Amino acid sequence: MNPLEPHLPLGEWVDTFLIWFQKHFDWLLSAVTTVLSSMYSGLNWLLETPHPFIMILIFAAIAWAAATWKLGIVTVVGFYLILALGQWENAMSTFALVLVSVIFALIISLPIGVWAAKSRIVSTIVRPILDFMQSMPALAYLVPAIVMFSVGQVPGAIATIIFALPPGVRFTELAIRQVDGEVVEAAQAFGATPSHILFKVQLPLALKTIMAGVNQVIMLALSMVVLAGMAGAEGLGGAVIGAISQLNVALGVDAGVAVVVLAIFLDRVTAALGSRNSEHSTV
């Protein structure tokens, strides 16, 4: 190495930190593994145990209730296509992993977004962190996740949660900041407490934008779950990775179409729910 060239061993520092963290917080990693694996196993069982036709009807009913009967029909056709392609179990496994990841991503991102909207200091600190998280290549999240949680569903869920966090924080902060200040001042004038203003005034008025953020979190989670197949995660991601390693075009197409169907279903349902809730909040 040329002594005149600068050298910053950032990767070595991160590796040392991960080793230290594993050594001193093994109990925390075990607890996270237990919670995530248990939630995934429960949801996966719930989705795979009923007959596929029953689940197709349930998904169609959800789509119809959230949007229109047309989306319900599209849902029936889409999920029947997944079944016909032989990707039903993989799709339900991926669906379960997406749900687990989205639940935890929203649990973390929504409060941080609210906090950032209430505090300029927090917003200033969080913003560059979110920029860094969104600029980092998606596959880079898998390496530390595998190091800390081995291979399987858990590192895939961890990487997905981290990757999908930023839109939830950004959209929540933006939504609350966009609420008309006169409405907030009117609530304060009537003696409303800060918590009452947040839950009864700001969040209902900001719900449409927040739901747009939820939609983005779900889409990013679905895209990352496919890449999580490299971490040993089951489902459509594992099928896609297997197709790449075996140069199996047929398997790659089947799994890819199943991912598209899931993406359309989740996108349309969450978008419809966001529009409906925003209409109710303005009535």
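Residues numbered from 1 in each chain as written. Predicted model: local features only at pLDDT ≥ 70, side-chain atom pairs only at ≥ 80, totals over all residues. Heavy atoms only, no water.

Comments concerning the packing of aromatic side chains
Evaluated as defined, the whole model comprises 13 aromatic pairs. Note on tryptophan 20 and phenylalanine 25: the rings are 5.7 Å apart at their centroids and 65° apart in plane angle, and the pair reads as edge-to-face. A residue is classified by how much of its surface remains accessible, and tryptophan 20, at 42% relative accessible area, is partly exposed. Relative accessible area serves as the criterion here: at 26%, phenylalanine 25 is assigned to the partly exposed category. When the centroid spacing of 6.2 Å and the interplanar angle of 70° are considered together, the rings of phenylalanine 79 and tryptophan 88 count as edge-to-face. (Phe/Tyr/Trp six-rings, centres within 6.5 Å; stacked < 30°, edge-to-face > 60°. Buried < 20%, exposed > 50% of the residue type's maximum accessible area, 1.4 Å probe, protein only.)

Describing the environment of leucine 205
When you line up the elements, leucine 205 lands in helix α10 (residues 194-227). Owing to a relative accessible area of 43%, leucine 205 belongs among the partly exposed residues under this scheme. C-alpha of leucine 205 to C-alpha of isoleucine 176: the two residues are 29 residues apart in sequence and 8.1 Å apart in space. Those residues in contact with leucine 205 that sit more than four places away from it in its chain are Val179 and Val183. (Helix = DSSP H or I, 4+ residues; strand = E, 2+ residues; numbered from the N terminus. Contact = heavy atoms within 4.5 Å.)

A closer look at the environment of alanine 255
By secondary structure assignment, the location of alanine 255 is in helix α12 (residues 249-282). The buried category is assigned to alanine 255, whose relative accessible area is 0%. Residues alanine 255 and isoleucine 82, 173 residues apart in the sequence, show an inter-C-alpha distance of 8.5 Å. In contact with alanine 255, other than residues within four places in its own chain, are Gln87, Leu236, Ala239 and Val240.

Digging into helix α6 (residues 120-135)
Taking 1.5 Å per residue, 16 residues should reach 22 Å; α6 reaches 23 Å between its end C-alpha atoms and fits that length. Of the positions making up α6, those classed as buried are Val122, Ser123, Val126, Leu130 and Met133. Those residues of α6 that are buried lie in contact with α5 (88-118) and α8 (153-177). (Expected span 1.5 Å × (residues − 1).)

A closer look at the pattern of salt bridges
Counting across every chain of the model gives 4 salt bridges. Among the ionic pairs, glutamate 173 bridges to arginine 177, the shortest N-O distance being 3.1 Å. Of this pair, glutamate 173 and arginine 177 are both found in helix α8, 4 residues apart, which corresponds to roughly one turn of the helix. For arginine 177, a relative accessible area of 31% corresponds to the partly exposed category. For arginine 268, the salt bridge identified is with aspartate 267, shortest N-O distance 2.4 Å. A single network of salt bridges, built from pairs that share partners, joins Arg127, Glu173 and Arg177. (Salt bridge = Lys/Arg side-chain N within 4 Å of Asp/Glu carboxyl O.)

As for the layout of surface pockets
Over the atoms rolls a probe the size of a water molecule, and in doing so it shows where empty space is left. The space that makes up the largest pocket amounts to roughly 820 Å³. If you go around the largest pocket, you meet 26 residues; those closest to its centre are Tyr141, Pro144, Met148, Ile158 and Ile162. Every element with two or more residues in the lining of the largest pocket is listed here: α1 (10-24), α2 (26-48), α5, α6, α7 (142-149) and α8. Here the lining of the largest pocket takes 6 residues from α1, the largest share from any one element. When its residues are assigned to classes, the lining of the largest pocket shows 25 nonpolar, 1 polar and no charged. For the second largest pocket, the calculated volume is near 160 Å³. In terms of lining residues, the second largest pocket is bounded by Phe59, Ile62, Phe95, Leu99, Met211, Phe265, Leu266, Val269, Thr270 and Leu273. Looking at the lining of the second largest pocket, the elements that each hand over two or more residues are α3 (52-66), α5 and α12. At 5 residues, the largest contribution of residues to the lining of the second largest pocket is made by α12. (1 Å grid on protein atoms, 1.4 Å probe; cavity = no way out; pocket = protein on both sides within 12 Å on 5 of 7 lines; lining within 4 Å. Points joined across faces, edges and corners; volume = space filled by probe spheres on them. Nonpolar A, V, L, I, M, F, W, Y, C, P; charged D, E, K, R; others polar.)

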